[in-house]
Amino acid sequence: MKQSSNPQLEKTRKLVRTHLDLQLYSAALFWADKAATLSHFEPRDVYQLASCMFLLKQYQRAVVLIRNKGLDKTDMLCYYMVLRCLVEAKDFTEAGNIINSEINPTSCNVSLQQQDVKSHDSLTYFNVQSALFCIKGKIYEALDNRNFATDCYREALRNDVHCYDAFQALIQHQMLTSFEEQMLIQSLPWSNYPNDCITKPLYEVLLKKYQEPKLTGPFSQFDIPVELMMDNLDIQEAEAERHYYACAYKDCFQITQSVLKQDPYHPECLPIHIACLVELEKSNELFYLAHKLVDLQPDQAIAWFAVGCYYYLIGKRDQSRRYLGKATNLDNTFGPAWLAYGHSFAVENEHDQAMAAYFKASQLLKGCHLPLLYIGLECSLTNNIMMAQKYLKEALEMAPNDPFVLHELGVIAFQSHRYKEAESRFLEALERIKQIKQPIISNKWESLYNNLGHVYRKLQQYDKALEYHKQALVISPMNTSTLTCIGFVQSLSKNYADAVDTFHKALGQKREDTFSSTMLTCVLEMCIEEPPLFNDYLDEESAVVESGEGKKSKKLDRTLKMNDDNDVILPFRNSKLRLWNRRLRKKTEDSSTTMEDDSTAMVIDSSSTADNSSFNMDLSTNMSENSNSFK
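Reading the values: the criteria
Residues numbered from 1 in each chain as written. Predicted model: local features only at pLDDT ≥ 70, side-chain atom pairs only at ≥ 80, totals over all residues. Heavy atoms only, no water. UniProt positions renumbered as here; feature names shortened; annotations may be inferred. Helix = DSSP H or I, 4+ residues; strand = E, 2+ residues; numbered from the N terminus. pLDDT = per-residue confidence, 0-100. Contact = heavy atoms within 4.5 Å. Expected span 1.5 Å × (residues − 1). Buried < 20%, exposed > 50% of the residue type's maximum accessible area, 1.4 Å probe, protein only. Salt bridge = Lys/Arg side-chain N within 4 Å of Asp/Glu carboxyl O. Patch = residues over 30% accessible without salt bridge, like charges linked within 9 Å, V, L, I, M, F, W, Y side chains within 5 Å. Areas by Shrake-Rupley, 256 points an atom, 1.4 Å probe, with all protein chains shown as cover. Axes fitted to C-alpha atoms, helices over the stretch in contact; angles between N-to-C directions. Parallel < 35°, antiparallel > 145°, perpendicular 65-115°, else oblique. Left-handed = near helix turned anticlockwise from the far one by under 90°.

Novice: Which residues make up the UniProt feature "repeat: TPR" (unreviewed entry) in the chain, and what values go with them?
Specialist: Listed under "repeat: TPR" (unreviewed entry) in the UniProt record, and renumbered for this structure, are residues 446-479. Between the end C-alpha atoms of residues 446-479 the distance is 10 Å, and the span holds 79% helix and 0% strand.

Shown next, in the form of structure tokens:
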């Protein structure tokens, strides 16, 4: 392309760049129009003029300008600008028609591939090609063609590894599984950037963290400058996220607080910070943060997510669903809002609506295993064991090292009376937890230790059962149900004196605990008998003494065995309250006679059924747009 040598033209172009640097877009538009006229509408000047219109949000005007000059068919940058303007104007149908008219919609237009971009400062052919792939990915994603969108984002990164927009879309929109993310990073052409030693480790720091809880990130294995590790907010946010998924909530909260003091609206840190506020039950701070976000960013999903989490925390589920639904309408790929929406139904045992939200999340977040985990959970709560196992195994394929998936599979095995398999699953989950190497075990893992105690009780290994129940009691000393479990195992092992003391402690913490009261009466009656007439319940077919005392002991023996066989003490369900898993404990007291772990979010109830009166949730319902404040 022959360059113009008009000195007045060069001065005008310089004026355009000066005003753009000063964000004086109207002045830049005025002089860009004059530069385009002086150059007889050279492609570079038309592109600059369209860019000024784009910055002033005059999207359709920019499209008409380029099309009138015919440059959308001959110039790569102008073609890119047309697509960019249509995306910002949310005219995805027209943008889709343009890219679908090409022979291969996931490649660059053949007629534009030899475009010379040397006249544009700091641009190369690969930069422009990468940007084209990236904008095509956004168009396909908006049209719900996520497979083509994923391919386009991958090609954008292969053309330019520094195209963070494409990387961010793949990672934050959950388009790839953890394994696929690792393979993508390894397949990028790093040899083309011999002097770049930080991009690859930085990308690896930002990959998925919730599929395997651990406190040490990849940045400890690579040569990243110390100042980046210590002072960069993105690195600190990644560290906070790892602490959160390892259930170290207080440490995570300290980091997020530090980040938000420097950047109060850090987009990646805010969801983690809100999650910590919910986990630590800091409702006042969450109320203040949600108000501030709604006032300043009413068009962002994160603001309404904060409002929904606040109402969820204080137990107002209807208002919570209203604002979480509004967040999903603003950004349908915002995973935390989708799963929180589902949990708001699940916590009230509205299993059908909860699964509807989880299924929608699984369609939008194909690389995330958490929707599958929660679909399996809801299936198990409705006694659909086969479907629960199917979805949990799919989740395990995507995240084989997630202890919560292993835990849920162990619970399914326990419900199906496959105690050896349950033992294997629980021990594998425990091994994953121990790899975190936390100095203090989080109380989130208490249910796992109790579940191991239940399994060993079923296997009649009472010493091991007591050991794990006591470890659970160390993690959460004020848990009444753990004390009742210990007393029950002591009763089965005929240690009646200790069982009486343990049941007394349990009733001291929760006087209305029906099971502890019944068992205490039973054990006290056994202690009165001289000699002890409580035979091993496995020897039921042996001869029974026909005396009144023998009949009474046999009756008590059968009562104890019935309690064990019918799972009066049920395994605890503790799913991790993570960024993608917003489920809180119920605020109301459960008056049922089954035991409940007050410190966990979910408790198995093998007798629970789906609520037939529940209605199907319409996920497309638009939420109210009028309320910008809440009480």
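Next, the rest of the story.
Novice: Hey, could you go over the confidence of the model for the chain for me, with residue numbers and the actual values?
Specialist: Of all residues in the chain, 76% attain a pLDDT of 70 or more, and the chain-wide mean is 79. The secondary structure element of the chain with the lowest average pLDDT is strand E2 (residues 602-603), at 31, and the one with the highest is helix H17 (residues 301-313), at 95. The low-confidence segment residues 110-114 (pLDDT under 50) makes nine contacts with residues lying over four places distant or belonging to another chain. This stretch, residues 568-631, has a pLDDT under 50; its non-local contacts, to residues over four places away or in other chains, come to 213 contacts.

Novice: Quick rundown of helix H20 (residues 351-364)? Include the residues and the values.
Specialist: With 14 residues, H20 extends 20 Å between its outermost C-alpha atoms, agreeing within 8% with the 20 Å of an ideal straight helix rising 1.5 Å per residue. Looking only at H20, the buried set comprises His351, Gln353, Ala354, Met355, Ala357, Tyr358, Ala361, Ser362 and Leu364. Close packing links the buried residues of H20 with helix H8 (146-159), helix H19 (335-346) and helix H21 (370-381).

Novice: Describe the pattern of salt bridges, listing the residues and the values that go with them.
Specialist: Counted by the stated rule, this structure contains 15 salt bridges. The partner of Arg67 in a salt bridge is Glu94, and the shortest N-O contact between them spans 3.0 Å. One end of the pair, Arg67, is in helix H4 (residues 59-68); the other, Glu94, is in helix H6 (residues 92-100), and 27 residues separate them in sequence. A relative accessible area of 35% places Arg67 in the partly exposed class. Of the charged contacts in the structure, one is a salt bridge between Arg321 and Asp318, with a shortest N-O distance of 2.8 Å. Taken together, the residues Arg321 and Asp318, both in helix H18 (residues 317-330) and three residues apart, mark about one turn of the helix.

Novice: Could you give me a rundown of a nonpolar patch on the surface, with the residues and numbers involved?
Specialist: Together, Leu15, Phe30 and Trp31 give the surface a local cluster of nonpolar side chains, amounting to about 260 Å² of exposed area. Mapped onto the fold, Trp31 is located in helix H2 (residues 25-38). Owing to a relative accessible area of 30%, Trp31 belongs among the partly exposed residues under this scheme.

Novice: So, the environment of Lys393: which residues are in play, and what are the values?
Specialist: The topology assignment puts Lys393 in helix H22 (residues 385-398). Along the chain, Lys393 and Gly376 lie 17 residues apart, while their C-alpha atoms are 8.9 Å from each other.

Novice: Talk me through the packing of H21 against H22; I want residue IDs and the actual numbers.
Specialist: Their axes nearest at 8 Å, the elements H21 and H22 cross at an angle of 160°. Taken together, H21 and H22 sit at an angle that is classed as roughly antiparallel. Judged by the twist between their axes, the crossing of H21 over H22 is left-handed. Each of Leu372, Leu373, Ile375, Gly376, Cys379 and Ser380 in H21 lies in contact with H22, whose residues at this interface are Met387, Ala388, Tyr391, Leu392, Glu394, Ala395 and Met398.

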